[in-house]
Amino acid sequence: MKLTVNAKEHELDVEPDMPLLWVLRDELHVKDPKYGCGAGLCGACTVIIGNEAVRSCQTALTDVTDNVRTIDGLAAGGTYHPVQQAWIEEQVAQCGYCQAGQIMTAVALLEHNPSPTDQDIDEAMSGNLCRCGTYPRIRAAIHRAAALMRTGA
Amino acid sequence: MASLGKIARRTFLFGTAALAGGAAFGYWKYGQPFANPLTKGLAENEASFNAYIKIATDNHITVIVPRAEMGQGVSTTLAALVAEELDVGLDQIQVEHGPAAAAYYNRAAISEGAPVPRFDEGFTAEGVRGAMGVIAKFLGLQFTGGSSSTIDGFDPMRQAGAMAREMLKQAAANRLGVSVSELTTERGSVRHAATGKTLTYGELALDAAKIELSALPPLRQRSEWRLLGQPQKRVDMAAKVTGAPIYGIDVDLPDMLHATIRMSPYPGGALKALDGAAALKMRGVSKVVRIESPFGNGFGVIADNTWRAMQAADAVTVEWEKPAEPVSTQSIFAALDAAFDTASPFHLRTLGDPERALAETPAERQIEASYRLPHLAHATMEPMNATALFKNGRLTIWAPTQAPGVVKMIAERISGVQADKIEINTTSLGGGFGRRLEADYCDYAIRLAMEADGRPVKVTWSREEDMTHGFYRPAAIGRYRAAIGADGMPLAITGSIASQSVITDMVGRIAPLLPIAGPDNTMLDGAYNQPYAIPNHRIDARKVPLPVPVGSWRSVGYSINAVMQECFLDEVAAKGGIDPLELRRRLLKDSPAALGVLEKVASMADWTKPLPEGRARGLAYTLSFGTHVAEVVEIAETADGIKVEQVWCAADPGVVLDPGIFEAQMMSGIIFGLSAAISQEVTFADGMVEQQNFSDFAPLRMNQAPAITVEILQQSPFMGGAGEPGTPPSMPALMNAVFALTGQRMRELPLGKTLSFV
Ligand code: FES
Ligand code: FES
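Throughout this document, residue positions are counted from 1 along each chain, in the order its sequence is written. For naming, the first written chain is A and the first written ligand is 1, with later ones following in the order written. The model is predicted, so local features are restricted to residues of pLDDT at least 70 and side-chain atom pairs to those at 80 or more, both for listing and for counting; the totals for chains, interfaces and linings are taken over all residues. To obtain the side-chain values, all non-hydrogen atoms of the structure were used and water was disregarded.

### Description of the domain arrangement of chain B
Many structure descriptions define interface size as the accessible area lost when the parts assemble. Residue and element names in this part refer to chain B. Each domain of chain B was delimited in the assignment, giving domain 1 (16-241), domain 2 (248-323 + 384-460) and domain 3 (329-376 + 472-753). In what follows, a contact means two residues having at least one pair of non-hydrogen atoms within 4.5 Å. Across the boundary between the two partners, domain 1 contributes 8 residues, which contact 14 residues of domain 2. Buried area, as used here, totals the accessible surface that two parts lose on assembly, with accessibility defined by a 1.4 Å probe and the loss added over both. Summed over both sides, the interface of domain 1 with domain 2 buries roughly 940 Å², with 62% coming from carbon and sulfur. A carboxyl oxygen of Asp or Glu within 4 Å of a side-chain nitrogen of Lys or Arg is what we treat as a salt bridge. Put simply, domain 1 and domain 2 have 0 salt bridges between them. Here a polar contact is taken to be a pair of N or O atoms separated by no more than 3.5 Å, where protein atoms must pair a possible hydrogen donor with a possible acceptor and residues adjacent in sequence count only if both atoms sit in side chains. The interface formed by domain 1 and domain 2 holds 1 residue pair in polar contact (both at pLDDT 80 or more) in total. All amino acids are sorted into three groups, where Ala, Val, Leu, Ile, Met, Phe, Trp, Tyr, Cys and Pro are nonpolar, Asp, Glu, Lys and Arg are charged, and the leftover types, Gly among them, are polar. Each residue belonging to the side of domain 1 that touches domain 2 can be placed in one class, and the counts come to 4 nonpolar, 3 polar and 1 charged. Throughout the structure description, domain borders are defined by an automatic or database domain assignment.

### Quick notes on the packing of helix 1 (residues 20-27) of chain A against helix 10 (residues 306-315) of chain B
Axes here mean lines fitted to C-alpha atoms, for a helix over just the part in contact, with angles spanning 0 to 180 degrees between N-to-C directions. Segments assigned H or I by DSSP are reported as helices when at least four residues long, segments assigned E as strands when at least two residues long, and all are numbered from the N terminus. The interhelical angle for the contact between helix 1 of chain A and helix 10 of chain B, taken along N-to-C directions, is 125 degrees, at an axis separation of 8 Å. When the axis of helix 1 of chain A is compared with that of helix 10 of chain B, the two are oblique. Residues A:Trp22, A:Asp26 and A:Glu27 of helix 1 of chain A lie in contact with helix 10 of chain B, whose contacting residues are B:Thr306, B:Trp307 and B:Arg308. The labels follow the angle: roughly parallel below 35 degrees, roughly antiparallel above 145, roughly perpendicular from 65 to 115, and oblique for the rest.

### Concerning the interface of chain B and chain A
Taken together, the 64 residues of chain B in the interface contact 52 residues of chain A. Interface of chain B and chain A: buried area, both sides summed, is about 4700 Å²; carbon and sulfur atoms make up 58% of it. Considering only the surface of chain B that becomes buried against chain A, B:Trp307, B:Met381 and B:Met702 emerge as the three largest contributors, covering 19% of it. Summed over the shared surface of chain B and chain A, the number is 8 salt bridges. Note that A:Glu15 is salt-bridged to B:Arg283, the shortest N-O span being 3.7 Å. The tally of links between chain B and chain A comes to 33 residue pairs in polar contact (both at pLDDT 80 or more). Residue assignment for the side of chain B that touches chain A shows that the elements contributing at least two residues are helix 8 (237-241), helix 10, strand 19 (457-460), helix 15 (463-468) and helix 20 (659-679) of chain B.

### Description of the sheet that holds strand 6 (residues 183-186) of chain B
Residue and element names in this part refer to chain B. Strand order in the open sheet formed by 3 strands is 6-7-8, and the pairing between neighbours is antiparallel. At either margin of the open sheet sits one strand with a lone partner, and together these are strand 6 and strand 8 (197-200). With direction set aside, neighbouring strand axes in the sheet form an average angle of 25 degrees. Of the strands in this sheet, strand 6, strand 7 (189-192) and strand 8 are in contact with helix 6 (residues 149-176), which crosses strand 6 at around 130 degrees. Only strands that DSSP links by at least two bridges are regarded as paired with each other.

### Remarks on the domain arrangement of chain A
Residue and element names in this part refer to chain A. When cut into domains, chain A gives domain 1 (2-72) and domain 2 (82-151). The distance between the C-alpha centroids of domain 1 and domain 2 comes to 21 Å. Contacts between the two partners involve 16 residues from domain 1 and, on the opposite side, 14 residues from domain 2. In this assembly, domain 1 packs against domain 2 so that about 1300 Å² is buried in total across both faces, 56% of it on carbon and sulfur atoms. Counting the surface domain 1 buries against domain 2, the share from its top three residues, Cys-42, Ile-48 and Ile-71, is 34%. Linking domain 1 with domain 2 are 1 salt bridge, by the criterion used here.

### Here's the deal with the sheet that holds strand 18 (residues 422-426) of chain B
Residue and element names in this part refer to chain B. Across the sheet, 7 strands lie side by side as 11-12-9-19-16-17-18; this open sheet has mixed pairing. Both edges of this open sheet fall to strand 11 (285-293) and strand 18, since each of them pairs with a single strand only. On average, each strand axis in the sheet is tilted by 20 degrees relative to the strand beside it, whichever way the strands run. Note that strand 9 (residues 257-263) and strand 19 share 3 bridges and pair parallel. By the bridge assignment, His-258 is partnered in strand 19 with Lys-458. Across the sheet, helix 10 touches strand 9, strand 11, strand 12 (296-303) and strand 19, and the angle it forms with strand 9 is around 30 degrees. Where helix 13 (residues 404-415) meets the sheet, it contacts strand 16 (385-391), strand 17 (394-399) and strand 18, and its direction lies at approximately 145 degrees from that of strand 18.

### Section: the pairing of strand 5 (residues 93-96) of chain B
For strand 4 (residues 61-64) of chain B and strand 5 of chain B, the ladder comprises 4 bridges, and the chain directions are parallel. By the bridge assignment for strand 5 of chain B, B:Ile61 is matched with B:Ile93.

### Details of the packing of helix 2 (residues 82-89) of chain A against helix 5 (residues 135-151) of chain A
Residue and element names in this part refer to chain A. For the pair helix 2 and helix 5, interaxial distance at closest approach is 8 Å and the crossing angle is 135 degrees. Between helix 2 and helix 5, the angle falls in the class oblique. Seen from above, helix 2 lies across helix 5 with right-handed handedness. Contacts from Pro-82, Val-83, Gln-85, Ala-86, Trp-87 and Glu-89 in helix 2 reach Ile-138, Ala-141, Ile-142, Arg-144, Ala-145, Leu-148 and Met-149 in helix 5. Crossings are sorted by hand: turned counterclockwise from the far helix by less than a right angle, the near helix makes the crossing left-handed, and turned clockwise it makes it right-handed.

### A few points about helix 7 (residues 201-208) of chain B
Those residues of helix 7 of chain B lying buried are B:Tyr201, B:Gly202, B:Leu204, B:Ala205 and B:Ala208. For helix 7 of chain B, the arc enclosing every buried residue in end-on projection is 160 degrees, short of the 170-degree limit, so these residues lie on one face. The classification of residues rests on relative accessible area computed with a 1.4 Å probe and restricted to protein chains. Under 20% of the type maximum is buried, over 50% is exposed, and intermediate values are partly exposed. This arc corresponds to the set of directions leading from the helix axis out to the C-beta atoms.

Below you can see the structure in the form of structure tokens.
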């Protein structure tokens, strides 16, 4: 089976129903999507397929037909993606475990909606749990990232 | 731990008798410093100055932060303590956790555990705290907990930086033939102003490390600080916004196997029968291993992929031994209720004569209330996991642990390998909250590694396994009573708590040979040790042993007692016809720092301004882990239920080393507490935990999280922690807000059982 991750193609010999999360983590050694619940409840495993943020723990390998983007593919040419930049400026992460998933969900949100309101943020981000309670700073960082992206900084 | 055998013959007292017990066996060893664990394993071009600093000739500076980074920012704040005195920027250093070693014992956490109120800075109080520190050092306990890391590191880590700086200056003076007093240091270099000559720390390191200073250099005054007291960029932020593989679950070693475990759902229950035949036929599965450990009985499946291991674990046929009397939530609360009549109570402090005051107050000026709080799980975002390699008589462990010293102790016990052949690597932690003070997940990984023919094994738990095999925050029942004076103020408050003892349970697991006796002061934390000037006051506690493993949960006993006492004070205020803020203001009049956070939060929330219909506020105050915190929670009634709109928090930790990280910790603690208060409980049916995943043990989500404003004061005369103190007042403040909104007293958690929240 074939799988494209961050524009790199891989040939795999695994069960077609293996969740994408475990294909990435244990077969391809791509460790940035995290395992949190295995049940679509926490969003720690979020990646972007095509243009949509998806839960890789709930996506069977066989159902993946488009390029998979993980946080590892965000920074281009050694510069942070504006969302990562905003996350650093707002000093969002605490334990950090949920943050790869949070950032990927935020990237997908901003690709669809460059100027999200607080309510848009609530709707897009509520599938991503943070046990450290970084929500206030995530909200601030998304607004900041939106501003950074609008000004092209 | 050879020393453990010796003290095991004595009883390890955590209670009021600890002073005599602790001091008697400790002092002889206390005076001797532990060996520097960095002298082993230095690179050729590298020199170690003390247990915290390594400098290489290429100017690579390493600072050891021997505490677990679990989100609380300790790797940044503790490194800043060293950097402040060493005169380097945080951007110039590498932070490492370092090895598990006795030199990194935690003195402050055990001192804070002494049964003396934190505001009592008198001679006796200091004496008892000092003795508890002796115990920590004697046991060589290295752990991260009790919001103690910055307090514990405050002097030693600054001293380490200052000593290395002075050694570097002396080496430069020798080389330049000038006097030390002519030299200054800045950003990793020593400079001789008169000649403009500069030497980098790297150039001086090998010579400097050999220098012996004749005296300890004095530490800088607070007014001279450049890094401390200012918000720093966290040293771990870049790794965390790029998804770097820094957690235990990300460990990836050549030839590594992937495993999972399934332990008996009945705490302590045996494994009766195991049939792994079907599992062994599945792709990638190499072994099904029976696990019999003091932590639990069950099995592990070793495979070449975590998902395959988890699928195969489902295919194992297993029969668990069911306990004769399976525990249930009903049986737990029945046992707690019964303890009020059967178990003998202990208390740690009495003010005045509460019985007499109650007897002399007419019944119509008395009130009573009883509170009921559930077991709670930690549910760290990163599920339990550990990696172990057992090869050529050596054991290596990679673990996201808060207690590497404990891991080493149990590793020795399980494997029979000597301590010097055991290596513990502490990874970053995807949350701790006290769960990772336990060593069960390391125990199981070691046992599986011993069956893995010399290959490393990473053992990852499913979320369900994690949720159902915790060391839970104990359930508790509290019964409070008050006599109200003619002025509306409380004349007397008494209370009784029935709960499990966390300390008895935890120490029993770590050191089964060490008998524990005496009171467990964590059971009264938040009740007996608050600076309220209530003329007659006593809260007592009854230890109730139950077949449910309990452990430290963010803020431990404060998460129980602050809820009960702060809610009860609100009831007292209502009965006496006094505003809840005004009541606390009068009771805290002799504690300026407590009063300070109270007045601050009142002005932040504009407490006296009336709210529109359908909105209400609640207030609570708690002194915990040395930090005074007052919080106001504002809620609103909506068509779909109650919405928590806003939280104001004023906190006084005495000295704040990093205001940015401190603020984040307060927010984190508040959301942690509100999550528990609104929707979390661990319940038991037929001997087993009912909750399985984030569907039935739900933390707050983005759409539910309130806006939070934090202000930091620095008036308190002692230094407090950051990781835990935000949590305790958040829960009663919410409960008091619900009363203000609905007129209904909430005396049971979680609130979501009886009210809807959005
Ligand atoms: S691990 Fe996929 S949603 Fe939680
Ligand atoms: S930062 Fe720890 S779970 Fe989100």
